[in-house]
Amino acid sequence: MEYKEAKEKFISTWGSLGTLWGINKAMAQIQSLLFISIKPLSMEEIMEELKISRGNTSMNLRQLMDWGIVTKELIPGERKEFFTTEKDVQELARHIAKERSRREIKPVLKVLKEVSSINDDGTEKTKELIKQTKALHDLADTADSLLNKVANQEQNWVTKSLLKLFK
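Small disclaimer: the values here were computed from a predicted structure and weren't measured.

Asks: Just to check I follow, could you spell out the UniProt feature "domain: HTH marR-type" (unreviewed entry) in the chain for this structure?
Replies: Taking the UniProt record as the reference, the feature "domain: HTH marR-type" (unreviewed entry) is found at residues 28-79. Helix and strand shares over residues 28-79 are 60% and 12% respectively, and the end C-alpha atoms of the span are 26 Å apart.

Structure (structure tokens):
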């Protein structure tokens, strides 16, 4: 496999996997292109490479910056905006873990706590609702705690821990 084919395959695959970590395909493709780029890219270069519209590129770059995994980079003498992404895989995983917690788990925890705190009227259906939503709250809270531990550790914590498991 040559470079061009491997690059296209990587970007396509990463794009498909993006939905697993909470972003759309175009966002993941933009991030993957920046991830393997040896220099910051302009919006025009991203659009041309991925064959996506200016609006789609602009919206997804803005969202990736909101996630904290893409940043603007100033290049002296250039009027265009250039973009780059976190290159350290562990640091990237930390950013994603923090954002997934903030965007997905925290709101669910809030709703589950509210629902499981209803007044117990003594009926079987109310007791079941309280029991099951408390159980889901506890599970989501545990998952959030694990994500936060990963997100708040040193860069190489994930790698070191995984290596210990397989030794």
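Resuming the write-up.
Asks: I tried to follow the packing of aromatic side chains on my own but got confused; where do I start?
Replies: For any pair of aromatic rings, the description consists of the separation of the ring centres together with the inter-plane angle of the planes. Applying the stated criterion across every chain, the model contains one aromatic pair. Measuring from centroid to centroid gives 5.9 Å for Phe10 and Trp14, while their planes differ by 25 degrees, and the two rings are stacked. Here Phe10 pairs with Trp14, and both are found in helix α1 (residues 3-17), just four residues apart, close to one helical turn.

Asks: What exactly am I supposed to notice about the pattern of salt bridges here?
Replies: Opposite charge on two side chains allows them to pair when their charged atoms are near. Applying the stated rule across the entire model yields eleven salt bridges. Residues Arg102 and Glu99 are paired through a salt bridge, measuring 2.8 Å at the closest nitrogen-oxygen approach. Here Glu99 and Arg102 lie together in helix α5 (residues 89-116), a separation of three residues that amounts to about one turn. Residue classification places Arg102 among the partly exposed positions, given a relative accessible area of 48%.

Rules used in this analysis
- Residues numbered from 1 in each chain as written.
- Predicted model: local features only at pLDDT ≥ 70, side-chain atom pairs only at ≥ 80, totals over all residues.
- Heavy atoms only, no water.
- UniProt positions renumbered as here; feature names shortened; annotations may be inferred.
- Helix = DSSP H or I, 4+ residues; strand = E, 2+ residues; numbered from the N terminus.
- Phe/Tyr/Trp six-rings, centres within 6.5 Å; stacked < 30°, edge-to-face > 60°.
- Salt bridge = Lys/Arg side-chain N within 4 Å of Asp/Glu carboxyl O.
- Buried < 20%, exposed > 50% of the residue type's maximum accessible area, 1.4 Å probe, protein only.

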